[in-house]
Amino acid sequence: DTQADSHLGIPRMDLPLEELKSQHIAPFASAVKKGIWGVMSSHVLYSALDPKNPSTFSYPVLTDLLRGELGFEGVTVTDSLDMGGAQKEHGVAQAAEEAYIAGADMPMISRNDPREMLPYLTSRLGITLDELSLRASVQRILKLKEKMGLFDQQDDRPQADKFAQYALEASRKGLTLVRGTLTPPAEGADICTVVFSEPITHSQTLALDDVLRRTGHSVQSVRGDYTPGEELLSQALSCAKNSQFVIIGSTQKYGTPDEAQKKIIDAVLAQRPDAVLLSVLSPYDAVYYPQAKTVLALYGAT
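Now for a description of the structure that goes with this document. These numbers were taken from a predicted model, which means no experiment stands behind them.

### What to know about the pairing of strand β7 (residues 190–196)
And step 1. Where burial is concerned, most of β7 is hidden: six out of the seven residues are buried.
And step 2. As paired strands, β7 and strand β8 (residues 218–224) are joined by seven bridges and run parallel to one another. From the neighbouring strand, C192 faces β8, where its bridge partner is Q220.
And step 3. Chirality of the crossover, the property in question, places the unit of β7, helix α7 (residues 202–214) and β8 among those that are right-handed.
And step 4. As paired strands, β7 and strand β9 (residues 245–250) are joined by five bridges and run parallel to one another. In the strand pairing of β9, T193 is matched with I247.

Dropping the structure here:
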């Protein structure tokens, strides 16, 4: 419930404390009562709880509220400290230090090498970092690993040859038909797929075409970046016009859809209202395409 994105900066929420607890903290309180093993902090500043620091760096949030008031005993993980909402003067190392001080057990980073942080963090031991609290974090992490069976002699976790099978089962269970009914294309139908994604997931979205071809369909494919060029509009319309079945893949990251991407999707949906819209990443982009009769949420290109 914020107007900013913590990947880019520090969102702020100024709801009164009672409203914050009843609407936003209540699900976490319920999960804690059920014995949830882990909680992730966000880089959002909740002024009613801490007027100075976002949750990841807030002792009132991670320790007083989560551990004290809610009674959480599991592992506290931060959102990535590489994000804009976690920027500190001395970089990720200082962010990790402040997260530890606030009560986080596992500061998470995605791009920086954690070994580069060690000299700075070691220099802070006994000054800002308390050895007893760090040892308590280690014990919580070891306890979680034990629960997960990571120390068992007999390893019964899925082996590499079964990974694809388990991944496929998990993906299928994760799909949500948000709107309409899903009718498979006729046998041997000509299918048009118009999918937008970032370059890192292009190969994953192209796998959709491979699956369709293996099941006996002929496929015309139009692939665009997150912000596509104008030339893709005519390609997408031509593809959709000349196919019996149309699949559109929308990828939305931050709040509202990319304008260039939305322009093309709106045009294709106007031409082919029977198209199936795949919400590839964020499921919330479905709201921006009320004209789409059938919407399937994937929650990720994988």
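Once you've had a look at it, read on.
### Concerning the packing of helix α8 (residues 231–241) against helix α9 (residues 259–271)
And step 1. The interhelical angle for the contact between α8 and α9, taken along N-to-C directions, is 25°, at an axis separation of 10 Å. Put simply, α8 runs roughly parallel to α9. Crossing handedness for the pair α8 and α9: right-handed. Between α8 and α9, the residues in contact are L232, L233, A236, L237, A240 and K241 and K263, I264, A267, V268 and Q271, respectively.
And step 2. Tallied by class, residues from the contact of α8 with α9 come to eight nonpolar, one polar and two charged.

### Quick word on the state of the cysteines
And step 1. Throughout the structure, instances matching the rule amount to one disulfide.
And step 2. With its sulfur 2.1 Å from that of its partner, C192 forms a disulfide with C239. Every disulfide takes its handedness from the sign of the S-S torsion; for C192 and C239 that torsion is 130°, giving right-handed. Taken together, the residues C192 in strand β7 and C239 in helix α8 connect sequence positions 47 residues apart.

### Details of the pattern of salt bridges
And step 1. Scanning the entire structure with this criterion turns up 12 salt bridges.
And step 2. In this structure, D105 and R67 form a salt bridge, with 2.7 Å as the shortest nitrogen-oxygen distance. Here D105 is found in the loop between α3 (91–102) and β5 (106–108), whereas its partner R67 is found in helix α2 (residues 59–69), with 38 residues between them in sequence.
And step 3. On the basis of relative accessibility, which here comes to 3%, the residue D105 falls in the buried class.
And step 4. Between R140 and D105 there is a salt bridge, and its shortest N-O distance comes to 2.9 Å. Pair noted here: R140 is in helix α5 (residues 131–147) and D105 is in the loop between α3 and β5, with a separation of 35 residues, a long-range link.
And step 5. Through salt bridges with shared partners, a single network forms among R67, D105 and R140.

### Things to note about the pairing of strand β11 (residues 294–297)
And step 1. Because side chains alternate across β11, one face comprises the buried residues T294 and L296, and the other comprises V295 and A297, equally buried.
And step 2. Where strand β6 (residues 176–179) and β11 come together, three bridges link them in antiparallel fashion. If you follow L177 over to β11, its bridge partner there is L296.
And step 3. Bridge count for strand β10 (residues 276–279) against β11 is four bridges, and the pairing is parallel. When the sheet's bridge partners are listed, L278 is paired in β11 with L296.

So, how was this worked out
- Residues numbered from 1 in each chain as written.
- Predicted model: local features only at pLDDT ≥ 70, side-chain atom pairs only at ≥ 80, totals over all residues.
- Heavy atoms only, no water.
- Buried < 20%, exposed > 50% of the residue type's maximum accessible area, 1.4 Å probe, protein only.
- Helix = DSSP H or I, 4+ residues; strand = E, 2+ residues; numbered from the N terminus.
- Pairing = 2+ DSSP bridges.
- Right-handed = clockwise from strand over helix to strand, strands pointing away.
- Axes fitted to C-alpha atoms, helices over the stretch in contact; angles between N-to-C directions.
- Parallel < 35°, antiparallel > 145°, perpendicular 65-115°, else oblique.
- Left-handed = near helix turned anticlockwise from the far one by under 90°.
- Contact = heavy atoms within 4.5 Å.
- Nonpolar A, V, L, I, M, F, W, Y, C, P; charged D, E, K, R; others polar.
- Disulfide = S-S within 2.5 Å.
- Salt bridge = Lys/Arg side-chain N within 4 Å of Asp/Glu carboxyl O.

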